[in-house]
Amino acid sequence: MITEKQARFRENYLQQVSPWYHGLVHIGVMYGAGIAAIAWCVSQLTDPTWEWLLIIPIAIAGNFVEWGMHMHIMHRLKDVFALRAIFDRHTRQHHQYFTDNDFTIHSVKEFRIVFFPWRVLIVLVVASALFGGLAALLLGPDAGYMFPITMIGHYMVYETFHFCCHVPENRFVRSIPLINTIRRHHSAHHNMGIMMHINMNLTLPIADWARGTSDLDRGLIGHLFNGYDTTHQKPALKKVIEKYRHATVESERVTLEGPVLEQDDLEALAQAGTVIPA
């Protein structure tokens, strides 16, 4: 159940959203531009064969970049203009708006707190063009195009999966493999006690599994197809998760910068192998 603190933050946040903002325009431009960019790159391919295999290492690398950005930029304040803005939008806003007590949206206006602004896609397109250009010089044009195809596609999947994490409960998100896994994975991440250290992936929890920052104790295949199952949740984390669901603890120990963890909380995180220094 939503706490008074969270409800108050949501009310204040929505009052500050520009009346010109429209969620459908936001995602329409993002998906339209992203899909168009991928389609254009595919149309430029000449005779790809082995080049398609490059999608696998690019996607896996992207999964670890996704983890690193979430852990070290979105949840660790870096006092540099653009990086500070990312931390502000994510830790100080997104994680105050959504907790594991209530992590769902109820209006199109709330798309603003779920989806990244358009400039993220622009930065990604530029970055993928640079990597693609280098690959084209070394391996040929078709290899080069695999970078924007995969990187922009990864971003589209990221935004789609994240949206599925924050919509109200329904048969689709509950039943579709991978989506149901990441929905549970991400809802646990929104617990105020573990949000700075646990469950940083938002596509597939590969890097979380590899780096030991998942709340689950099971193998990779089990992670990928875990669904809503909490049977394998690390015992050391359960007490912390339950503690920070209470309104009193949230009010007393959670700031805009994140939770002020007590020694027993830190010991539980360390026991679970998931304390990442700030």
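Residues numbered from 1 in each chain as written. Predicted model: local features only at pLDDT ≥ 70, side-chain atom pairs only at ≥ 80, totals over all residues. Heavy atoms only, no water.

**Q** Explain the overall build of the protein to me, and be specific about the residues and the numbers.
**A** Each helix and strand counted, the protein has 13 helices and two strands in total. By the compact-globule yardstick of 19 Å for 278 residues, the protein fits well, its C-alpha radius of gyration being 19 Å. Overall, the protein is about 60 × 45 × 40 Å in size when its C-alpha atoms are taken along their principal axes. Excluding contacts between residues fewer than 6 apart, the proportion of contacts in the protein whose partners are at least 24 apart in sequence is 68%. Accessible surface computed for the protein: about 13,700 Å², of which carbon and sulfur atoms make up 67%. The average position of the 23 basic charges and that of the 25 acidic charges among the side chains of the protein differ by 3 Å. (Helix = DSSP H or I, 4+ residues; strand = E, 2+ residues; numbered from the N terminus. Rg over C-alpha atoms; globule rule 2.2 N^0.38 Å. Contact = heavy atoms within 4.5 Å. Areas by Shrake-Rupley, 256 points an atom, 1.4 Å probe, with all protein chains shown as cover. Lys, Arg positive; Asp, Glu negative; His and termini not counted. Charge placed at Lys NZ, Arg CZ, Asp CG, Glu CD.)

**Q** How would you explain the packing of aromatic side chains if you had to name every residue and give the values?
**A** Each aromatic ring pair is characterised by the separation of its centres together with the angle its planes make. If you walk through the whole model with that rule in mind, you get 10 aromatic pairs. Arranged with centres 6.0 Å apart and planes meeting at 75°, the rings of Trp40 and Tyr145 form a pair that is edge-to-face. Taken as a pair, Trp40 in helix 2 (residues 23-44) and Tyr145 in helix 6 (residues 141-166) lie far apart in primary sequence, 105 residues in all. Judged by its relative accessible area of 48%, Trp40 falls in the partly exposed class. (Phe/Tyr/Trp six-rings, centres within 6.5 Å; stacked < 30°, edge-to-face > 60°. Buried < 20%, exposed > 50% of the residue type's maximum accessible area, 1.4 Å probe, protein only.)

**Q** Residue-level account of the side chain of Thr213, with values.
**A** Mapped onto the secondary structure, Thr213 falls in the loop between helix 9 (206-211) and helix 10 (220-224). Side-chain polar atoms of Thr213 contact the side chain of Trp67, separated by 2.9 Å. Polar contacts involving the side chain of Thr213 include one to the side chain of Asp208, which spans 2.5 Å. Contact partners of Thr213, with chain neighbours within four places excluded, come to Trp67, Met71, His197, Ile198, Asn199, Ala207, Asp208, Thr274 and Ile276. (Polar contact = N/O pair within 3.5 Å; in protein donor to acceptor, adjacent residues only side chain to side chain.)

**Q** So what's going on with the environment of Asn63? Residues and values would help.
**A** Considering the arrangement of structural elements, one finds Asn63 in helix 3 (residues 55-74). Judged by its relative accessible area of 4%, Asn63 is buried. For the pair Asn63 and His154, spaced 91 residues apart in sequence, the C-alpha to C-alpha distance is 8.5 Å. Not counting residues up to four positions away in its chain, the partners in contact with Asn63 are His154, Asn201, Thr203, Leu204, Ile206 and Ala207. Among the polar contacts listed, one links the side chain of Asn63 to the side chain of Asn201, at a separation of 3.2 Å.

**Q** Lay out the packing of helix 6 against helix 8 (residues 179-189) in plain terms, naming residues and giving numbers.
**A** Look at helix 6 against helix 8: their axes get within 9 Å of each other, and the N-to-C directions meet at 65°. Crossing hand, helix 6 versus helix 8: right-handed. Residues Phe161, His162, Cys164, Cys165 and His166 of helix 6 form the contact with helix 8, whose participating residues are Ile179, Ile182, Arg183 and His186. (Axes fitted to C-alpha atoms, helices over the stretch in contact; angles between N-to-C directions. Left-handed = near helix turned anticlockwise from the far one by under 90°.)

**Q** I'd like to hear about the pattern of salt bridges, residue by residue, with values.
**A** Taken as a whole and judged by the stated rule, the model has 14 salt bridges. Where Arg174 meets Glu169, a salt bridge forms, and the shortest distance between an N and an O atom there is 3.1 Å. A relative accessible area of 39% places Glu169 in the partly exposed class. Taken together, the shared-partner salt bridges connect Lys243, Arg253, Glu262, Asp264 and Asp265 into one network. (Salt bridge = Lys/Arg side-chain N within 4 Å of Asp/Glu carboxyl O.)

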